[in-house]
Structure formats: C-alpha cells, structure tokens
Amino acid sequence: NEVADLKANLARGQGFDDEQRLRFANEVADKMASARSHPEARPLAVSQAVFQRRCRDAIRAKHPDVVFVWVRADTPSRQARLAKGGNLVDKALGQKMKNDFEEPAEDELHVLLTLDNHRVDHSTEIAHHELRNQLRQVAHAASRLHARQHAAMQN
C-alpha cells in the first residue's frame, strides 16, 4: 500500500516528513486524474490538507485549473474539533501541523474560508446553513478566479 507508512506515522502521533508530503501530494494528484478521466466526471472537490507550497505546486503541475480552499479556523475551534477524536490527528499533532503550514502566496490560486467559534458552532443547524453559504461563496469565488486566470492567459 502506497500510503501505509503515512497512516502509520499519523497513528504514532507524527506528521509526514518532506518526502512523504510530496509523495502524498502526487498520490492525491493521481487520484484526481483518475476521477477526472471518468466519462461522466463531475466537478471535483478533494478534502485534503496540503501544507507546503511545493506540494500544492506538484498537484498544480498535473491540474493547472485546481483552486485550493484554505480553511482557516481559530484555535478554540480547531482544538475542540481535534479533541472530539475520530481521526488520526490529535490536538498535539494538529498544533504541529498548524506550525508546518505554509500560507498560500499571493500568486497561488486559492480562496479563504474562515471558521471561528463566534460564527460556527458545529453542533447547530444554523452552523450547517452558514457553512453551506460559505461553501457556495467559495464556489463562486473559485469560478471568478478561474475566469480572471483564463482572461489573463488570453492577453
């Protein structure tokens, strides 16, 4: 299994090293290509943290039209979510991952989705409604960014 060592690292409470991050980014890009090659392929959304620019660039090299969504959460929201468990990332590893994260540069096509305790309480229907609205805004922003990028390439 190509990702067994990655899962083992997470299970031990460790993050990925640089080689593993890049290998995983390439694995994500390959899975995207496979999904997009289907004759009835629909627009694709991938939920995966990509912490370093070089890894985002590896995905962009295979999918130049990709738009990354940076989901930025305040510390209490992030810690509360990680404390619930149910995944391989605990609070300590989550903090390490936050420290390893490289914010998208100005020249990277991306949109920002901000979640915080004051606006999103993950246990209420209101939060789901607000999150849906924010995701719609992300989709519209991504569409506008693609249009601008396409127009710039035409000039």
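Above: the structure in question.
As the structure is a computational prediction, the values presented were derived from the model and not from experiment. (Residues numbered from 1 in each chain as written. Predicted model: local features only at pLDDT ≥ 70, side-chain atom pairs only at ≥ 80, totals over all residues. Heavy atoms only, no water.)

Draft legend 1. Quick peek at the nonpolar core. Core analysis: the largest hydrophobic core is formed by 20 residues, its most contacted members being Phe24, Ile59 and Met97. Elements represented by at least two residues in this core include exactly helix H1 (4-11), helix H2 (18-36), helix H3 (53-62) and helix H5 (91-100). Ranked by residues supplied to this core, first place goes to H2 with five residues. Among all residues touching Met97, those that are not within four sequence positions of it are Leu10, Phe51 and Val89. Counting nine residues, the second-largest nonpolar core is a separate cluster that includes Val67, Val111, Leu115 and Leu145. (Core = buried A, V, L, I, M, F, W, Y, C linked by side-chain atoms within 4.5 Å. Buried < 20%, exposed > 50% of the residue type's maximum accessible area, 1.4 Å probe, protein only. Helix = DSSP H or I, 4+ residues; strand = E, 2+ residues; numbered from the N terminus. Contact = heavy atoms within 4.5 Å.)

Draft legend 2. A look at the pattern of salt bridges. Using the criterion set out here, one finds 14 salt bridges in the structure. Across the pair Arg21 and Asp18 runs a salt bridge, and its minimum N-O distance is 3.5 Å. Remark: Asp18 and Arg21 occur in helix H2; sequence separation between them is three residues, near one turn of the helix. With a relative accessible area of 12%, Arg21 lands in the buried category. When its relative accessible area of 42% is taken as the criterion, Asp18 is described as partly exposed. Salt-bridge contacts for Glu27 lead to Lys31; the nearest nitrogen and oxygen are separated by 3.7 Å. Of the two residues, Glu27 and Lys31 are both situated in helix H2; the distance of four residues between them amounts to about one turn of the helix. Overall, Lys31 belongs to the exposed group, its relative accessible area being 53%. Salt bridges sharing partners connect three or more residues here, namely Arg53, Arg56, Asp57, Arg60, Asp107 and Glu108. (Salt bridge = Lys/Arg side-chain N within 4 Å of Asp/Glu carboxyl O.)

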